[in-house]
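# A closer look at the structure
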Amino acid sequence: MGQMQFGIFTVGDVTTDPTTGRTPAEAERIKAMTAIAAKAEEVGLDVFATGEHHNPPFVPSSPTTMLGYIAARTERLVLSTATTLITTNDPVKIAEDFAMLQHLADGRVDLMLGRGNTGPVYPWFGKDIRDGLSLAVENYALLHQLWREDVVDWSGRFRTPLQSFTATPRPLDGVPPFVWHGSIRTPEIAEQAAYYGDGFFANNIFWPKEHYQKLIRLYRRRYEHYGHGTAQQAIVGLGGQVFMRANSQDAVREFRPYFDNAPVYGHGPSLEEFSEQTPLTVGSPQQVIERTLKFREYFGDYQRQLFLVDHAGLPLKSVLEQIDLLGEQVVPVLRKEFAIGRPADVPDAPTHAALVARRDQDAQNEQASVDDMTEAVAKG
Amino acid sequence: MKTMNEIARDAVNDSALQPTQPLRLVAVSAGISVPSSTRLLTDRLAQAAESAAAESGRTVKTELVELRNLATDIAHAMVTGFAGPALAKVLDDVAAADGLIAVTPIFSGSYSGLFKSFFDVMDNTALIGKPVLIGATGGTPRHSLALEHALRPLFAYLRAIVAPTGVYAASQDWGTESDSHHGELAARINRAGRELTGFMLCRPPADGRGTGVGAGVAGHGVAGEDDDFDTDEIVPFAQHLAALNP
C-alpha cells in the first residue's frame, strides 16, 4: 500500500430518497454499507470506515460486528471506524473487540476515536455528558495500557478497578491497532493525539476548511513538542464530500435534490454556496481531483483521505457508481500527484505490517545500544 | 491568560488609545422597511457619537450594517453552524470595533428575531468589554421599557459595557416637533452618543475579541495563522491525566 491511503467513510444514516419518497429498511441499509465496502476493495480503494450511532435514523451501532463481516469478504481493505465512541464504550470492551477483529482480519484494522455528536447518548450507557472530556482522557489511557501490557492493575474514576486483568485476545503480533483521534472542534483532542503520537483526523465536511486548519496546525505543533517527529511527520487524516458525474452539470442536477433535503445542511445555503464555503465538491472527476489536491496546500502532506459518498438518501446504485469513479478515475491520479513533491521524511499511512516492522526495528536499536553499553563497560 | 507583554501590545494597537487613529464604530440596524425609522435612529445615534468624539478632537469611522441585507446569511449560519463570507466580514468588524450601536424595532414586546439571531450567530466572546449603545423603535411609547427588559440583559449576558442611556423612539417622537433637534428625542440621542463615546475613549483592553474557543458558531471568517490556538492556552496533556486522580 503506497504512501497515502484513500477510502470512504459512512455515517450509516437511513434517509428517505427525496426524489422517490422511498426509505430503505434497516436491513437494506446495513447490507448496502457492506456492499459499499466490497465495492471499495473491488476498485482498489484502501480503507472503509463506519460511524457508530445508537439512535435512529442511523444503523451502525455495532461496528466490529459489521467490520468482521466485511473482513471475511475482503482481502486488502483496511477496516476502520469514524468514529468509535471513547466516552460511552467501556475501554475494556473496545480493547477486546478490536483485538478480536485484528486477528480475524489479519491486521487490516485501525480505529478512530471520538466523543460523538449526540449528547443524549451518554445516559444511554450510564455516563454523564459533563464528564465527556474526562471520559475521553481516562478511557483512552486505559485502552492504551490494555493493549500494551499483558497484565493490568488499574483504578480510575469511571469504571470498576481492574486487578491482574488481561484483555483477550492480545493484539495481533503484540502490536495494537493504529489509533486516530477525530475531532471537529476540541483542541484537547488534538492535544491527546499529539501526546500519544497517534493520528489526528479532521472530518473536513460541512464546515469551512479554516476551522479544521486550526486544529491540524495545533496537532502538528504539539506532535513535534512531544518528540514523536517533526510537525510535518505527524499523521493526519482528512475527510471530504463528493458527488460526481462525467459531466459536471449532470452531477449538480442529480445531486441537488439530495443536497437540498440533506440532514445537517439541507434547507440552508444553496449547493453552490455550500460548495464554495465547505470542501463539498459536486462535479466531474477532474474537479474532484483538483479540489482534493488543494487539501495538501491547506493541511500539509497527509496520510489518509476518506470520502463521504453515501448519505442523504442517495440510492445504492448511485453510491456504487461514485466509488467506481473514485477507483477508476480519481484515486489513481491522486496517488500519483500526491507523491510528487512529497518530502521523503513524511511517513506513509500506518499499516499493521509497518507498525510491526517499526516495533522490531525499535527493539533492535535498543538491543544494539544495550550491546554498545555492555561493550563499553567491559572495556572500561 | 494573556501575558503582560500581550496586554501592552494590545493597548498600543488599540485605536481608542491612539489619538491619531479614528475610533471604529459599527452601527447595526435591524430595521425591516426601506426607509425605516430604525435605520433613521441608528444614523442619528452614530452622528451623535461622531459629534461627541469631535468635541474631544477625535474622529469616528462608522460602518453601518443593515441586518435585512444579511437576513438569509444569518438564517444559513443558524442552520449550518458557520457564517458565509459577507456575514463573516461583519462579525469580524464588530469584534474588532471600539464600539457598537445596536438598534432594533420592537416586535411582540421584544427585540426582533432577526436582531437576536444576529447576536446568536456571533461569537459569544466578541462583545466582552465593548461599549454598546442600545436603541429601539416602535409604533407606540408603551413598549419603551423593552430596552431595559430585553436588550440590556442580552448585552449584559454578552458582557458588553452598555451605555446607561438607551434610546427608544416611538412614531410620535418623529416630527411632532418642528425643531426636533432641540426636542426630547434629540436630547436623549445626544446624551447617549456622548456616553458611548466616553466609554469608547477610555475602553479597557478587550479580551478575546471574537477568536475565542467555544464560540456559539464555528470559527467564522478566514482563520489565518494568527488565529491559531495559543500554545500558552493549551493545557498539557499530562495535566489532563493528572486531573483524573487528584
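Scoring rules and cut-offs
Residues numbered from 1 in each chain as written. Chains lettered and ligands numbered in written order. Predicted model: local features only at pLDDT ≥ 70, side-chain atom pairs only at ≥ 80, totals over all residues. Helix = DSSP H or I, 4+ residues; strand = E, 2+ residues; numbered from the N terminus. Rg over C-alpha atoms; globule rule 2.2 N^0.38 Å. Buried ≥ 20, exposed ≤ 12 C-beta atoms within 10 Å, placed from the backbone. Axes fitted to C-alpha atoms, helices over the stretch in contact; angles between N-to-C directions. Parallel < 35°, antiparallel > 145°, perpendicular 65-115°, else oblique. Left-handed = near helix turned anticlockwise from the far one by under 90°. Contact = placed C-beta atoms within 7 Å. Nonpolar A, V, L, I, M, F, W, Y, C, P; charged D, E, K, R; others polar. Core = buried A, V, L, I, M, F, W, Y, C linked by C-beta atoms within 7 Å. Domains from an automatic or database assignment. Expected span 1.5 Å × (residues − 1). Pairing = 2+ DSSP bridges. Right-handed = clockwise from strand over helix to strand, strands pointing away.

Check the secondary structure of chain A and you find 12 helices and 13 strands. Its C-alpha atoms give chain A a radius of gyration of 21 Å, within 12% of the compact-globule value 21 Å for 380 residues. Taking the principal axes of the C-alpha coordinates as reference, chain A spans close to 80 × 50 × 40 Å. Within chain A, the proportion of its 380 residues that are buried is 48%.

Within chain B, the secondary structure is distributed over eight helices and seven strands. Among the 246 residues that make up chain B, the fraction classed as buried is 41%.

Okay, the packing of helix α3 (residues 71–80) of chain B against helix α5 (residues 113–121) of chain B next. Residue and element names in this part refer to chain B. Across the interface, α3 lies against α5 with an axial gap of 10 Å and an inter-helix angle of 50°. Taken together, the axes of α3 and α5 are oblique relative to one another. At the point where α3 passes α5, the crossing takes the left-handed sense. On α5, the residues that touch Ala 71, Ile 74, Ala 77 and Met 78 of α3 are Leu 114, Ser 117, Phe 118 and Val 121. Split into classes, the residues belonging to the contact of α3 with α5 amount to seven nonpolar, one polar and no charged.

Taken together, the 20 residues of chain B in the interface contact 27 residues of chain A. For the side of chain B that touches chain A, the secondary-structure elements that each account for two or more residues are α3 and α8 (237–244) of chain B. Per-element tally for the side of chain B that touches chain A: the top contributor is α8(B), with four residues. Classifying every residue of the side of chain B that touches chain A gives 11 nonpolar, seven polar and two charged.

We now examine the nonpolar core. Core analysis: the largest hydrophobic core is formed by 161 residues, its most contacted members being Ile8(A), Tyr219(A), Val28(B), Leu45(B), Ile101(B) and Val132(B). Apart from the residues lying within four places of it in its own chain, the contact partners of Tyr219(A) are Ala190(A), Ala193(A), Ala194(A), Phe200(A) and Ala234(A).

With that settled, consider the domain arrangement of chain A. Residues and elements named next belong to chain A. According to the domain assignment, chain A consists of domain 1 (5–349) and domain 2 (350–380). In this structure, domain 1 and domain 2 have C-alpha centres spaced 34 Å apart. Counting residues at the interface gives 12 residues for domain 1 and seven residues for domain 2. Per-class residue counts for the side of domain 1 that touches domain 2 are five nonpolar, three polar and four charged.

The next subject is helix α7 (residues 209–225) of chain A. Residues and elements named next belong to chain A. Here α7 spans 24 Å end to end across 17 residues, near enough to the 24 Å set by a 1.5 Å rise per residue. With respect to burial, α7 is a largely interior element, 12 of its 17 residues being buried. Listed as buried for α7 are Lys 209, His 211, Tyr 212, Gln 213, Lys 214, Leu 215, Ile 216, Leu 218, Tyr 219, Arg 220, Arg 222 and Tyr 223. Positive phi shows up at Gly 227, right after α7, with a value of about 80°.

A few words now on the sheet that holds strand β9 (residues 199–202) of chain A. The pairing of strands in a sheet happens through backbone hydrogen bonds and is either parallel or antiparallel. All names here are of chain A. Taking strand neighbours across the sheet as the criterion, the nine strands line up as β3-β2-β1-β13-β10-β9-β8-β5-β4 in an open arrangement whose pairing is parallel. Since the sheet does not close on itself, it has two edges, and those belong to β3 (78–81) and β4 (84–85), each with one partner. Direction of pairing for strand β1 (residues 5–10) relative to strand β13 (residues 304–307): parallel, over a ladder of four bridges. What sits directly across from Ile 8, in β13, is Phe 307.

Quick look at the pairing of strand β8 (residues 178–182) of chain A now. Side-chain direction in a regular strand flips from residue to residue, so the side chains alternate between the two faces of the sheet. Residues and elements named next belong to chain A. Taking burial as the measure, the five residues of β8 include five buried ones, the bulk of the element. Here β8 shows no split at all, with Phe 178, Trp 180 and Gly 182 on one side and Val 179 and His 181 on the other all buried. Inspection of the sheet shows strand β5 (residues 110–114) paired to β8 by four bridges, in the parallel sense. The partner of Asp 110 across the bridge, within β8, is Phe 178. Looking at chain direction, β8 and β9 are connected through three bridges and run parallel. Its bridge partner lying in β9, His 181 is registered against Phe 200. With helix α6 (residues 187–196) bridging β8 and the parallel β9, this β-α-β connection has right-handed handedness.

This part covers helix α4 (residues 85–96) of chain B. Helix length check: α4(B) (12 residues) gives 16 Å between terminal C-alpha atoms against 16 Å at 1.5 Å per residue, within 8%. Buried positions along α4(B) lie against β1 (23–29), β2 (60–66), α3 and β3 (99–107) of chain B.

As for its placement among the helices and strands, Ala75(B) is situated in helix α3. Along the primary structure Ala75(B) and Phe118(B) are separated by 43 residues, whereas in three dimensions their C-alpha atoms are 8.9 Å apart.

Helix packing geometry: the angle between the two helix axes and the distance between the axes. Residue and element names in this part refer to chain A. Between helix α5 (residues 132–148) and α6, whose axes approach to 11 Å, the crossing angle comes to 15°. The orientation of α5 with respect to α6, classified from their angle, is roughly parallel. Note on packing geometry: the crossing formed by α5 with α6 is right-handed. Facing Leu 133, Ala 136, Val 137, Tyr 140 and His 144 of α5, the residues of α6 in contact are Glu 188, Ile 189, Gln 192 and Tyr 196. In the contact of α5 with α6, the residues fall into six nonpolar, two polar and one charged.

What follows deals with the environment of Pro208(A). Along the chain, the position of Pro208(A) falls in the loop between β9 and α7. Those residues in contact with Pro208(A) that sit more than four places away from it in its chain are Gln277(A), Thr278(A) and Phe82(B).

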